[in-house]
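Breakdown of the fold
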Amino acid sequence: MLTDIEIAQNAKMKKINEIASSIGIDENDIEPYGHYKAKISEDFINSVKDRPDGKLILVTAVNPTPAGEGKTTVSIGLGEAMAKIGKKAIIALREPSLGPVFGIKGGAAGGGYSQVVPMEDINLHFTGDMHAITSANNLMCAMLDNHIQQGNELGIDQRRVMVKRCLDMNDRALRNIVCSLGGKLNGVPREDHFCITVASEVMAILCLSEDLFDLKKRIGNILVAYTYDGKPVYCRDIKADGAMTVLLKDAIKPNLVQTLENTPAIMHGGPFANIAHGCNSVRATKTALKLADYTITEAGFGSDLGAEKFLDIKCRFANIKPSCIVLVATVRSMKYNGGVAKEDLKNENLEALKKGSENLGAHIENLKKFGVPVVVAINHFYADTDAEISYVEEYCKSLGADFAVTKCFAEGGKGGTELAEKVVAACEKENNFKFLYDLDMPLYDKIETIAKEIYGADGVEYTKEAKQALDGFIALGADKMPVCMAKTQYSLSDNPKLLGRPKSFKITVSSASLSNGAGFVVCLTGNVMTMPGLSKSPAAYKIDIDEKGNTVGLF
């Protein structure tokens, strides 16, 4: 079979103005970046605000395994399949980060015959949004250090700088650094840190902002540091908010692309779900809802991370609710959770499947707590047997979830029509959407609710550092904010080695930060870090240019 990039390079794409026209966007309302990608203009977004919303479909997954579950592939395939059954649908996705592209996970443009294109552009520089976010964040950090250097009028304590520089790359050497060495002219020496761009608060703000001026207000509210006498210093206090907004004035516009089958797709924003809130931009999703009968969007990693944050943070801030949740799983993932080694997953093993299905069961039960109909999508692999598929179907139905097998990777939209029909039907079912917790609940109670209700923990423990930070944020008025948990994606617990459905464990909050501009409190659990590192054999080793100038090895 052809590689993903070979399939993408052979795609018969339509010019982006044709894709725009198919969803009612005039060519004067897009800002093209070449022939096949464009920004949707501010004027057009404003012009459709009063239209009624279509149905919103959230695609999430079980805890990821080394075998891969294909959540984005299913999201794209579902959008293509909707067109196959005569429904008007738009896919709303996150933009890929260069970290996983050159690391180990891969990009975020789908796979096989369910991809968004131009795949190469999307996975690399795209329309420059990641670079703009990186630049805006680092301008803030530069202006903060410059303020300290130029007399420190605000009395900023350089030991209590809260914001980190960022880079859209996996680079462990930048996690902990010392800056401003070399004498008086080079600044005031201090400890500093980098995070990956997709974990930055600026990324979160871009994705949660309603418009450019909401963006500026949120940027101004970023907590950048504390003074020597313990008072908070915000981004507006160091006068960085205006210039940062200028850097982001194009990045805040959603990007329009297409699938291999020419279905429209809006891609915008890209926070990770294990260390950030894991959802594409509010603007992209809300615009898509105005343009189609069905909007298919996804939340990163498993439902314990991305879906919980989508439902408790994004839906709350954007005043939207899903009509249906699609939970992507594989027979392989259940066997892996049942103790089967990766190299043996192709062999039928009903005993391990039954044991590992408890992970799927936990995700179904968790999602049903939000009151939305759930459809399980089994992403089919060639080695799956009829007996294994039959068991999973009966298991899902016993938990009150509908079920469909998808073959989008190999067949594109045609392989997702069964899922599309089930989703359309689910969207018409009773929907009693509710949040997991109320904002008036005390901050510590919110954290404990997520840990107990979603992770299955017995409770929460806090390091001295984490408790001190959280108490400080409560004093600043953050007690009424939602919580963004940073946790390993590989387990329902905070220990990546605990597979299946762990029991009798506690979640440990190791540190916390306040994303005051984004509007939530971040709790880091276990050993999760906001700057990943490259593996021993990163994907970058295989990426190259051939003698004709074509990119090769990009998945």
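Bear in mind the structure is a predicted one, so any value in this text is a computation, not a measurement. (Residues numbered from 1 in each chain as written. Predicted model: local features only at pLDDT ≥ 70, side-chain atom pairs only at ≥ 80, totals over all residues. Heavy atoms only, no water.)

**So, the pairing of strand β22 (residues 506-515)**
As paired strands, strand β20 (residues 459-462) and β22 are joined by 4 bridges and run parallel to one another. Bridging across to β22, Y462 finds its partner in V509. Two elements, β22 and strand β23 (residues 520-525), share 6 bridges in a ladder whose sense is antiparallel. What sits directly across from S513, in β23, is V522. Where β22 folds back on β23, the antiparallel hairpin that results is connected by 4 residues, among which G519 adopts a positive phi of roughly 100°. (Pairing = 2+ DSSP bridges. Helix = DSSP H or I, 4+ residues; strand = E, 2+ residues; numbered from the N terminus.)

**Some points on the sheet that holds strand β7 (residues 156-161)**
Strand order in this open sheet of 3 strands is β7-β12-β13, and the pairing throughout is antiparallel. Both outer strands of the open sheet, β7 and β13 (232-234), are each paired with one neighbouring strand and no more. Each strand of the sheet is rotated relative to its neighbour by a mean of 45°, with strand direction disregarded. Relative to strand β12 (residues 223-227), β7 is paired through 2 bridges, and the arrangement is antiparallel. In the sheet register, I156 faces β12, and the bridge partner there is T227. Its contacts with the sheet put helix α7 (residues 129-149) on β7 and β12, and the angle it makes with β7 is roughly 135°. (Axes fitted to C-alpha atoms, helices over the stretch in contact; angles between N-to-C directions. Contact = heavy atoms within 4.5 Å.)

**Here we look at the packing of aromatic side chains**
The relative placement of two aromatic rings is captured by the distance of their centres and the angle of their planes. Per the counting criterion, the structure on display carries 3 aromatic pairs. Considering the side-chain rings of Y391 and Y395, the 6.0 Å spacing of their centres and the 20° angle between planes classify their relative orientation as stacked. With Y391 and Y395 both in helix α15 (residues 386-398), this residue pair falls 4 residues apart, about one helical turn. Measuring from centroid to centroid gives 5.1 Å for Y444 and Y462, while their planes differ by 85°, and the two rings are edge-to-face. Within this pair, whereas Y444 is found in helix α18 (residues 443-455), its partner Y462 is found in strand β20, the two being separated by 18 residues in sequence. Judged by relative accessible area, which is 21%, Y444 ranks as partly exposed. With a relative accessible area of 25%, Y462 lands in the partly exposed category. If you follow R218 out to its NZ or CZ, it ends over the ring of F317, 5.8 Å from the centre. (Phe/Tyr/Trp six-rings, centres within 6.5 Å; stacked < 30°, edge-to-face > 60°. Buried < 20%, exposed > 50% of the residue type's maximum accessible area, 1.4 Å probe, protein only. Lys NZ or Arg CZ within 6 Å of the ring centre and 35° of its normal.)

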